Amino acid sequence: YFESVYAPRMGVSTVSVGKGGVSATIVSADFCHVAGATLNPIKRFGWGSVRTTVLSELEQQTSESKVLYPGAPVFWALHFSPSENVSSRLQLEDRELVIEAAVRHDVKHIFCGHTHLRTREIGTFPNIYSSGSVSACDSRGRHFLHICTVSRSGGDPILEIRDLIFDE
């Protein structure tokens with residue numbers, strides 16, 4: 001559905017954005033979205049597991065982004081949440097591998113979906129933000145739009161998130 005903006009290489013896609021002298025890179029990955037991969041029938045019902053080919057590409061594109069845009073923060077956007085505070089039915093198998101990779105590459109913020117729940121794990125490393133639902137039929141009254149602003153005041157970039165709830 002999103003081929004015009006999401007053209008993954010081995011399940012991973014990178015985009016850099018900037019405005020007003022502040023830039024950021026978003027590296028997105030979906031462990032189910034690998035060309036030619038066959039899914040376990042159970043995985044089709046929303047169970048994700050870390051595929052080493054996708055994780056390697058996620059790390060590769062993160063490294064390339066840090067070289068191309070030195071000083072720009074890199075955010076990860078993942079389909080499946082690597083949080084341990086997710087129901088076992090929706091938990092990403094081998095999630096520790098994603099967390100370890102984020103730590104290795106100094107990725108401080110991971111945005112994710114899949115759970116249809118809006119949660120934030122701030123103060124962990126990395127910080128994990130589950131966006132909730134934007135359009136799922138089973139999420140009436142919980143449709144959020146998240147406005148993320150990156151600014152810089154001296155040192156590290158500052159991330160601010162405002163949540164707007166859809167009101168019919």
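(A) Representation of the packing of aromatic side chains in the model. According to the stated counting rule, one finds 2 aromatic pairs in the structure shown. A ring pair is formed by phenylalanine 111 and tyrosine 129, whose centres lie 4.9 Å apart and whose planes are at 20°; its orientation type is stacked. With a gap of 18 residues between them, phenylalanine 111 in strand S4 (residues 109–112) and tyrosine 129 in strand S6 (residues 127–131) connect regions that are remote in the sequence.

(B) Layout of the environment of threonine 62. Its place among the elements puts threonine 62 in helix H1 (residues 52–68). As a C-alpha pair, threonine 62 and aspartate 106 span 44 residues in sequence and 9.7 Å in three-dimensional space. The contact partners of threonine 62, leaving out residues within four places of it in the chain, are Val27, Val74, Trp76, His105 and Val107.

(C) Structural detail: a nonpolar patch on the surface. Judged by side-chain polarity, Val15, Val17 and Ile26 come together as a nonpolar surface patch covering roughly 210 Å² of accessible area. The exposure class of valine 15 is partly exposed, given its relative accessible area of 42%.

What counts, and at which threshold
- Counting from 1, residues in each chain are numbered in the order their sequence is written.
- Given that the model is predicted, a residue must reach a pLDDT of at least 70 before its local features are reported, and side-chain atom pairs must reach 80 or more before they are shown or counted; all residues, however, enter totals for whole chains, interfaces and linings.
- Here the side-chain values reflect all heavy atoms present in the structure, with hydrogen atoms and water set aside.
- In summary, the pairing rule links any two rings of Phe, Tyr or Trp, Trp by its six-membered ring, whose centres are within 6.5 Å, and it sorts them by plane angle into stacked for under 30 degrees, edge-to-face for over 60 and tilted for everything else.
- A run of H or I in DSSP counts as a helix once it spans at least four residues, and a run of E counts as a strand once it spans at least two, with each numbered from the N terminus.
- Here, two residues are considered to be in contact whenever any of their heavy atoms come within 4.5 Å of each other.
- Patches here: salt-bridge-free residues with over 30% relative accessible area, like charges joined within 9 Å, nonpolar side chains (Val, Leu, Ile, Met, Phe, Trp, Tyr) joined within 5 Å.
- For every accessible area listed, the method is Shrake-Rupley and the probe measures 1.4 Å; residues are considered covered only by the protein chains on display.
- Within this document, salt bridges are pairs made up of a side-chain nitrogen of Lys or Arg and a carboxyl oxygen of Asp or Glu, the two lying within 4 Å of each other.
- Only protein chains enter the accessibility calculation, which uses a 1.4 Å probe. A residue is then buried if its area is under 20% of the maximum for its type, exposed if over 50%, and partly exposed in between.

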